[in-house]
Amino acid sequence: MNANVNQAIALSIVTPTRGNFSEYWLEQLLKIQGDVEFVLVYHPHTPIRIVDDSRVKAIASPYKGEMMQRFVGLLNASGDYVLALDDDDFVHPDIVRLTCEYFQRFPQSWVLRLYMEKIDRLNEERIKQGWSEVPPIPHLSVCQNRRDGQERFTALLEIPIAPLDKRFDIRHAIFPFQTRTDDRGIHFENFNNRVWKNELVKQVLPDLSEATKVLGAITWIPSSGFDRLIGLFIQAKFYNKGAIIGHWMTEPEQIRFIDKPPSLKPPRFHVISDVLLVRCFPQYGYFWNLFFSKLYGVPRTVGKAIKMKLLK
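Residues numbered from 1 in each chain as written. Predicted model: local features only at pLDDT ≥ 70, side-chain atom pairs only at ≥ 80, totals over all residues. Heavy atoms only, no water.

### As for the nonpolar core
- Within the largest apolar cluster, 87 residues are counted, with the highest numbers of intra-cluster contacts made by I13 and F287.
- Per-element accounting of this core gives the leading share, 7 residues, to helix α7 (residues 226-237).
- Setting aside its immediate chain neighbours within four residues, I13 contacts L29, I32, V36, E37, F38, V39, L83, L85 and V91. (Core = buried A, V, L, I, M, F, W, Y, C linked by side-chain atoms within 4.5 Å. Buried < 20%, exposed > 50% of the residue type's maximum accessible area, 1.4 Å probe, protein only. Helix = DSSP H or I, 4+ residues; strand = E, 2+ residues; numbered from the N terminus. Contact = heavy atoms within 4.5 Å.)

The structure is reproduced here in structure tokens:
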């Protein structure tokens, strides 16, 4: 069912799915209050579950794969802001109010990084624990310093843009598994579980689609790391050295990320996404360091994919 087209949408929550999400997950999703739409993007030829809620927009992707599903969902997100969420993770029911308060106070921000709690998938009691009240954004102070270890903080933490202009470190191309240092800091790479200005995302999608043509017939890679790809693509397209692009929320958590053992997670060929970043933005040493640091992990990923295929 489609959301009311006459109603202004503040937040779009975009979720790729195979349709096997739990009833509890759906129940919690629909508890979100405010002007919100839920964009569920299914695999092709997958039965679409009927949800009796006008805020739900169900779409069948033309191709399989997380990358295409997320891309289709973002294309169809009509909210002022957008949040990418998996179909086994949970978000605070007051997320719309929080989002609106944040961007009213910081209209120049690109993104609000939500405070995430990683919870083991077997810890059902913690997963279903009631949500604590989120402090009003106007009452929070702002700080520039990193959090010290596990110490809690009660202020919004400024987030700088990723330092993409770092120099390429040739050691990453020569020595396998050379440890990176340019990725350390408060900045982030990933797109998911953060609230973004939709106008920025919409500007990036055509460029990202065009970039995949370098892959020839294999335009959309099912196991690529779209999460990191689009997060860094946005920062590269609008790069401004040292810019503060958003803030990191305080505790208590607004996202519950349900964690699984590595053996249960599907293999991800992140290096394919890294190729696109290097091709589109070769001037940034940060992307070259990223590409070479992940390149040596490809045989391991291939081995995992083969093993999972055989076990099926």
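There is more to say, and it comes next.
### Notes on the packing of aromatic side chains
- On inspection of all chains with the given rule, the structure shows 18 aromatic pairs.
- Ring centres of F291 and F292 lie 5.0 Å apart, and the angle between their planes is 70°; this geometry places the pair in the edge-to-face category.
- Given a relative accessible area of 15%, F291 falls into the buried group.
- Residue F292 is classed as buried on the basis of its relative accessible area, which comes to 18%.
- Aromatic rings pair up to connect F233, Y239, F281, Y284, Y286 and F287 into one cluster.
- The side chain of R113 reaches across the aromatic face of W248, ending 4.0 Å from its centre.
- The aromatic ring of W131 is capped on one face by R256, whose charged end is 4.0 Å from the ring centroid. (Phe/Tyr/Trp six-rings, centres within 6.5 Å; stacked < 30°, edge-to-face > 60°. Lys NZ or Arg CZ within 6 Å of the ring centre and 35° of its normal.)

### Looking at the sheet that holds strand β5 (residues 90-91)
- Ordered in space as β5-β12-β7, the 3 strands form an open sheet in which the pairing is mixed. For this open sheet the edge positions go to β5 and β7 (116-120), each flanked by a neighbour on one side alone. (Pairing = 2+ DSSP bridges.)

### Details of helix α6 (residues 198-211)
- End to end, α6 covers 20 Å across 14 residues, agreeing with the expected 20 Å (1.5 Å per residue, within 8%).
- The axis of α6 is deflected most strongly, by about 25°, at L205, and proline P206 appears within four residues downstream.
- Along α6, the positions that sit buried rather than exposed are N198, L200, V201, V204, L205, L208 and A211. (Expected span 1.5 Å × (residues − 1). Bend = angle between axes of the 7 residues up to and from the residue.)

### Considering the pairing of strand β9 (residues 155-160)
- In terms of burial, β9 is largely enclosed, as 5 of its 6 residues are buried.
- Where strand β8 (residues 141-143) and β9 come together, 3 bridges link them in parallel fashion. Bridging across to β9, C143 finds its partner in L157.
- Two elements, β9 and strand β11 (residues 244-248), share 4 bridges in a ladder whose sense is antiparallel. From the neighbouring strand, I159 faces β11, where its bridge partner is G246.

### Here we look at the side chain of N198
- When you line up the elements, N198 lands in helix α6.
- Polar contacts involving the side chain of N198 include one to the main-chain carbonyl oxygen of G79, which spans 2.8 Å. (Polar contact = N/O pair within 3.5 Å; in protein donor to acceptor, adjacent residues only side chain to side chain.)

### Digging into the packing of helix α2 (residues 66-75) against α6
- For the pair α2 and α6, interaxial distance at closest approach is 10 Å and the crossing angle is 140°. Relative to α6, the element α2 is oriented oblique. Viewed along their axes, α2 and α6 form a crossing whose handedness is left-handed. Contacts between α2 and α6 involve F71, L74 and L75 from the former and V201, K202, L205 and S209 from the latter.
- Residues of the contact of α2 with α6, tallied by class, amount to 5 nonpolar, 1 polar and 1 charged. (Axes fitted to C-alpha atoms, helices over the stretch in contact; angles between N-to-C directions. Parallel < 35°, antiparallel > 145°, perpendicular 65-115°, else oblique. Left-handed = near helix turned anticlockwise from the far one by under 90°. Nonpolar A, V, L, I, M, F, W, Y, C, P; charged D, E, K, R; others polar.)

### Side note on the environment of E251
- Mapped onto the elements of the fold, E251 is located in the loop between β11 and β12 (255-259).
- On the basis of relative accessible area, E251 is assigned to the partly exposed category, the value being 22%.
- For the pair E251 and V134, spaced 117 residues apart in sequence, the C-alpha separation works out to 7.8 Å.
- Separated by 2.9 Å, the side chains of E251 and Y115 make a polar contact.

### Let's talk about the pairing of strand β4 (residues 81-84)
- Residue alternation in β4 divides its side chains into two sets, Y81 and L83 and V82 and A84, and both sets are buried.
- Where strand β1 (residues 11-17) meets β4, 4 bridges bridge the pair, whose relative direction is parallel. Looking across to β4, one finds that L11 is bridged to Y81.
- Bridge count for β4 against strand β10 (residues 194-197) is 3 bridges, and the pairing is antiparallel. Pairing of L83 across the sheet is with V195, part of β10.

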